[in-house]
Structure formats: C-alpha cells, structure tokens
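# Analysis of the macromolecular model
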Amino acid sequence: MKKSLFVWAAALMTLVACNNNDELLNNENPGGKVTVTATLPSGAPDSRVALTEDNTNATAPAIKVAWETEESFSVIRGSENKTFSKNVEGSTFTGNAHTVTDGTYYAFYPTTEATATNAIPYDLSQQTGTMDEAKTYMYAKNGTDGKNYEFNHLTALVKFTLTLPDEASGVTPSKVVISSDKLLAKSTVNLTGENVVYSTADNTATSITVTTTSLTFYAYVNPMTASGEDKNKFVISMDGNDGNYYSGTLETSVSINANYLYAATVSMIKVEKGDYAMADGSFIKYKADVTLTTEQKANVRGIVFWTTADSNPSSSTPAKLTDDKIMQADFPNCTHGLIVSLKDVSQNTKWQEHAINIANWQATTFDAENKDKYKSIASTEDDTAPINYILGYQNTKLLKAYNALCSENYKKVLPVSLLADFETANPAPANTTGWFIPSVKELWMLVYKDLNNFNVASPANTDTKEVVAASLAKVDSDILKDRYYWSSLEEDRSGHEWAYFVLLEYASLGTGAKDGGNLKYVRAVCAY
C-alpha cells in the first residue's frame, strides 16, 4: 500500500562556533594554539552530540543537536586539516591555527583526514534505528577569517513506523532493510564550491540495514529530490521475530532535504507463497478476488513459491537457503524465500549438445573464490547427497564459469547459455540474487513441497504448483507446463552423461542424457 511521506518536523540544525579572540584564526598566529567557543541554538542542551526531538512545540517539533564533552571536529583549509577539540569545561574548542594563508575554511563533524582537495566519505549502510550520534555528519564553511561556522547536517532523518497485519500482532523486527533506486548508502561529499555535492562511493550500496527490535525507528538518509512523476520511493523489508518476512513500500512526492526530520507510517504485508514479486523488490499480496492494475501487472517480475516458513523441520535435510554457501557469500540478505520467473527460459533444449563430465572439470580445473565451499555439481540420490539441498545458485555460477572457459559451443551447458538473453528480456526483481537454473530441490518444491524423498511421485503432489498457477493466471506469463524441466544438477553415474529433471505435471524425478533427442523445458528462479 502506498503511503505519503509528510514533513513531520523541521528545524535547521545549526552549530555556531565563534572565536572571541581576534588574533587567532586569521593567520596572525600561524600554527599556534587556537581556542574557539561553540554555541548552540537557543535552548539546546550542551551535554552531548546527539539528536533529540523538541516536543515543546506540538505543531512543529524540532531536532536539536548538542556537543558532547571531549568531542572534536575538523577544520580544513587547502592542504591542511586541523582538529579542534572540546575542553572538559565550558563550550570552548582548542586546536592549532592553519599556516595556509589562502582558501576557504571548511569544518566537518566528525573529524576526518580529508583536505579541501579530497572528497569526504561517510557510510549510512548500517544503522541502529536510534538518533545515533555516530551517524551525525555535519559541515560548515567560512570564506573569510575562519572564526565563525554555522553547521548544517549532510543528511535528513526519517522516523518510520511500521504497521503489521492483524495476524502478526506482537511481532517485532530483528532487522529492517530500506532500499531505493535513489539511495546513496555509502557516499562521498565534496564541500568545495557553492553547493555541497554528493556522489556514490560504492555503487552496490543501495540499501540501509537497520538493526532494531522496534516497529518505530529512525534512519539517516541523504537528500532525495522529487519532482512531478519522479517520486521518492522506499522499499521496506523486515525480518520478524516470528521467522516471517514482511514487505512494504513508501512513495512520496515530497523532496527529502538535509537538516529536516520526516515521519512516515508504512503498511507491511507478510510475504507468502503465491505473492507477487515486483521489479523494485517489493511484494504484492495475492488475492483471488482482486485484479491487479495495469501498472502493477507491468511491474510483476515473479511469483513467490517457497518461504522459510515452508521448510519441513522433520526432514533429514530441511530446505534452507543458507545451505548454498556461495549464494550466502554473494547475497547475505537473501535468506527469506524463492521466486519463480513469469516466463520459461526455454521450451525445447538439450542440457548439452555433447555431454561433458562437469564434475570432473569442477574437481580438476575450476578455480574461484571460495571454491572449497561449493558442493559437487553431480549427485546421487542418497539422503545427504547434493540433490537434497537448495543449490541452484551455486550450480549456475559454476556452470557459467565452465561455459566462459569452454571454447567449443557444442560442449557448453545450454540452459545456462540461454539464461543470459533471458535475464536481459526478463529482469529479476531488485534485492534478489538474480535468476538462476534451479536445483532438483527447488524444482521439487515449485511443484509440491519440501521433502528429501524424491521417490513419492503421485498425481496428487501439486500443492505449490496450484498456488503459483493461480497467481500466474493474473499476469502475462507462461503457465507451468505438464512437462519435464531441466535442473542444474548432473547425475553422478559412470561417464556423467546424464542430468536430472523434474516433471512439473506432478513432482516426479527423472534423469536423461544431456545430449539426447528428448528436448526439455527450463524455468528460472531467484532467492530474496
């Protein structure tokens, strides 16, 4: 459900540092000790560096900031960076005067090693959900004598309140992740020039992880401009202490400006089998009597077919995403469930044109980071063999590496080769692993449920398929055919010329020649 983001409280957060000794910072005492006095907005306490809400004015609660004893900030001029520290008593700060005679003075809190020629990095990607002074980044400029500074915050502060479904009464979060295509979680800031310039220090850091046990929490975010149809949108996900995963979205036409405090309430859903996985990483609840809008249909990327709540604890190998050590190393937040693509990757392909022993290649040639954590690409049907684990991601990554080194196209693994063009035409949802070729375990759960006994084929074993089919029927999709679908797993038998597949008419396991004439289907899945 979309919610508007309202300006809840706004107050310019300023710190004024003024020098009451005219001889000190104007290079009349270069290199010598300098004492400045830092004053704060009227009425603000002078005990610690922290943000607090001033509720004395109910119509416009303010954010306050105050200095902590022995705190310090940097003053930068040219190539020189001087630290000014608060004395134990009073509101004075002491540091060495600059010897550089030209240039603007730039003040930055907390202290930094940067100079005026450097971009200053800061990191918002891990937060506590409180008004944490560790995430309080401020700056000031003085173009004349370096005596007076008016500090401004680089970030805004958003107060989130999450509301859960009625059946989740009493549930609290263990972790919340906030993501947005505009979010700069790891940033650098250039203080030079007329305006502060933000840039991305790490293109992969598009989310903020908040470790909190409260449904109301704070998050520091960089400024985000909204204009016309270009709105600001956050996707909020929550790991509940009940073991379930919750999702919500926050969309607003309000620009988020530094120095301001905003508040928003976000309605969350419990993500379950059959729900829609959207392009932006959010989820929409499947309801039999509700038709998706045209816009929603255009943004559906897949259907949830398994969650951690669907794992079978009585199984000797209960389904766990954490069993795929490679996926967990690459995507540590993707521990909640599996999504199936809307379309088939192929409806008529061999596994290989010419069967090659991939397990042998893995043992003798494969060289990658964490290669010792890969399970074998080949499996028997023993209770503890790879066939019993969620391993589609690691299998696909290994097979991509094999294809990349294979100079003869007729020896490449075709489902993985076909996946490249499929991913371009059918992008995976945001905040997921991206599409991969499923393992036997994943295909089995797509049709039926979590078991470690694959010899129970029965026409009645279609529990999950029926749920997914109902969701697929409401969007532009390929229905799950009553056909054989290739897995990413090779059979561990003499010659390694066969691979596993699963009949999606009902859960039935089979193996066949990789290069045989019986062409099979391929479907992609991803983890979130």
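Scroll up to find the structure this text is about.
So, here is what we can say about the structure in this document. (Residues numbered from 1 in each chain as written. Predicted model: local features only at pLDDT ≥ 70, side-chain atom pairs only at ≥ 80, totals over all residues. Heavy atoms only, no water.)

## Digging into the nonpolar core
Residues F283, F305, L338 and I358 are the most contacted members of the largest nonpolar core, which totals 78 residues. Sequence-distant contacts of L338, defined by excluding residues within four places in its chain, comprise I303, V304, F305, W306, L321, I390, F436, E442, M445, C526, A527 and Y528. Counting residues in hydrophobic clusters, the runner-up holds 46 residues, among them A156, A185, Y246 and I256. (Core = buried A, V, L, I, M, F, W, Y, C linked by side-chain atoms within 4.5 Å. Buried < 20%, exposed > 50% of the residue type's maximum accessible area, 1.4 Å probe, protein only. Contact = heavy atoms within 4.5 Å.)

## Focus on the side chain of T432
With respect to the secondary-structure elements, T432 resides in the loop between α5 (414-425) and α6 (440-447). By relative accessible area, which is 11% here, T432 ends up buried. For T432, the side chain forms a polar contact with the main-chain oxygen of P429, separated by 2.7 Å. Setting aside residues no more than four positions away along its own chain, T432 makes contact with F331, C334, I339, C526, A527 and Y528. (Helix = DSSP H or I, 4+ residues; strand = E, 2+ residues; numbered from the N terminus. Polar contact = N/O pair within 3.5 Å; in protein donor to acceptor, adjacent residues only side chain to side chain.)

## Considering the packing of aromatic side chains
Counted by the stated rule, this structure contains 19 aromatic pairs. Ring centres of Y484 and F501 lie 4.8 Å apart, and the angle between their planes is 65 degrees; on these two criteria the pair is classed as edge-to-face. Of this pair, Y484 sits in strand β30 (residues 484-491) while F501 sits in strand β31 (residues 498-503), and the two are 17 residues apart along the sequence. Judged by its relative accessible area of 7%, F501 falls in the buried class. (Phe/Tyr/Trp six-rings, centres within 6.5 Å; stacked < 30°, edge-to-face > 60°.)

## Focus on the sheet that holds strand β18 (residues 197-200)
If you trace the 3 strands from one edge of the open sheet to the other, you get β10-β17-β18, paired in antiparallel fashion. Where the open sheet ends on each side, the last strands, each with one partner, are β10 (120-123) and β18. Shown here is a sheet whose adjacent strand axes are inclined to one another by a mean of 30 degrees, direction ignored. Relative to strand β17 (residues 186-190), β10 runs antiparallel, the two being bridged by 4 bridges. The residue of β17 that forms the bridge with I120 is V189. (Pairing = 2+ DSSP bridges. Axes fitted to C-alpha atoms, helices over the stretch in contact; angles between N-to-C directions.)

## Details of the pairing of strand β27 (residues 300-307)
Here β27 lies mainly inside the structure; 7 of its 8 residues are buried. Pairing between strand β25 (residues 276-278) and β27: 3 bridges, direction antiparallel. By the bridge assignment for β27, A277 is matched with G302. The pairing of β27 with strand β28 (residues 337-349) spans 5 bridges and is classified as antiparallel. Considered in β28, the bridge of I303 is made with V340.

## Quick word on a positive patch on the surface
Together, K320, K325, K373 and K375 give the surface a local cluster of positive charge. Relative to the helices and strands, K325 is located in helix α2 (residues 325-330). (Patch = residues over 30% accessible without salt bridge, like charges linked within 9 Å, V, L, I, M, F, W, Y side chains within 5 Å. Areas by Shrake-Rupley, 256 points an atom, 1.4 Å probe, with all protein chains shown as cover. Salt bridge = Lys/Arg side-chain N within 4 Å of Asp/Glu carboxyl O. Lys, Arg positive; Asp, Glu negative; His and termini not counted. Charge placed at Lys NZ, Arg CZ, Asp CG, Glu CD.)

## A word on helix α7 (residues 463-472)
Within α7 the residues assigned to the buried category are T464, K465, V468, S471 and L472. All buried residues of α7 lie within an arc of 125 degrees about the axis, which places them on one face of the element. (Arc of directions from axis to C-beta.)

## Overview of the packing of helix α4 (residues 392-405) against α5
The contact between α4 and α5 brings their axes to 9 Å, and the two run at 105 degrees. By the angle between their directions, the pair α4 and α5 is classed as roughly perpendicular. Facing T396, L399, K400 and N403 of α4, the residues of α5 in contact are V416, S417, L419 and E423. Tallied by class, residues from the contact of α4 with α5 come to 3 nonpolar, 3 polar and 2 charged. (Parallel < 35°, antiparallel > 145°, perpendicular 65-115°, else oblique. Nonpolar A, V, L, I, M, F, W, Y, C, P; charged D, E, K, R; others polar.)

## Observations concerning unusual backbone geometry
The omega angle of the peptide bond from Y109 to P110 is 0 degrees, so this bond is cis rather than trans. Looking at the element boundaries, P110 is found in the loop between β9 (105-109) and β10. If you check the backbone angles, N370 has positive phi at about 65 degrees while not being a glycine. Looking at where N370 falls in the secondary structure, it is placed in the loop between α3 (358-364) and β29 (378-379). Looking at N370, the relative accessible area reads 27%, which means it is partly exposed. Although it is not a glycine, H496 adopts a positive phi angle of roughly 50 degrees. In this structure, H496 sits in the loop between β30 and β31.

## Points about the pattern of salt bridges
Applying the stated criterion to the full structure yields 17 salt bridges. A salt bridge links K343 to D476; the nearest nitrogen and oxygen atoms lie 3.2 Å apart. Of this pair, K343 sits in strand β28 while D476 sits in the loop between α7 and β30, and the two are 133 residues apart along the sequence. Residue class for D476 comes out exposed when judged on its relative accessible area of 61%.

## Things to note about the sheet that holds strand β24 (residues 269-270)
Across the sheet, 6 strands lie side by side as β11-β19-β16-β21-β22-β24; this open sheet has mixed pairing. The outermost strands of the open sheet, each flanked by one partner alone, are β11 (126-127) and β24. Note that strand β16 (residues 173-179) and strand β19 (residues 207-210) share 4 bridges and pair antiparallel. Across the sheet, I178 pairs through a bridge with I208, a residue of β19.

## Let's talk about the environment of T115
With respect to the helices and strands, T115 occurs in the loop between β9 and β10. Those residues in contact with T115 that lie beyond four places of it in its chain are I76, G78 and S79.

## Overview of the environment of F160
Mapped onto the elements, F160 comes out in strand β15 (residues 156-163). Classification of F160 as buried rests on a relative accessible area of 0%. Sequence spacing of F160 and G129 is 31 residues, and the spatial spacing of their C-alpha atoms is 9.2 Å. The residues touching F160, leaving out its near neighbours within four places in the chain, are I178, L215, T216, F217, A219, I236, L250, A264 and V266.

## A word on empty space enclosed by the protein
A full pass over the atoms with the stated rule returns 2 cavities of 30 Å³ or more. Estimates place the volume of the largest cavity at around 50 Å³. Together, I76, Y106, T115, A116, N118, I120, N190, L191 and T192 line the largest cavity. When its residues are assigned to classes, the lining of the largest cavity shows 5 nonpolar, 4 polar and no charged. (1 Å grid on protein atoms, 1.4 Å probe; cavity = no way out; pocket = protein on both sides within 12 Å on 5 of 7 lines; lining within 4 Å. Points joined across faces, edges and corners; volume = space filled by probe spheres on them.)

## Description of the pairing of strand β21 (residues 232-240)
Counted residue by residue, β21 has 8 buried out of 9 residues, so it is predominantly covered. Across 8 bridges, the pairing between β21 and strand β22 (residues 245-252) is antiparallel. Opposite M238, over in β22, you have Y246 as the bridge partner. The loop that links β21 with its antiparallel partner β22 comprises 4 residues; one of these, G243, has a positive phi angle of about 90 degrees.

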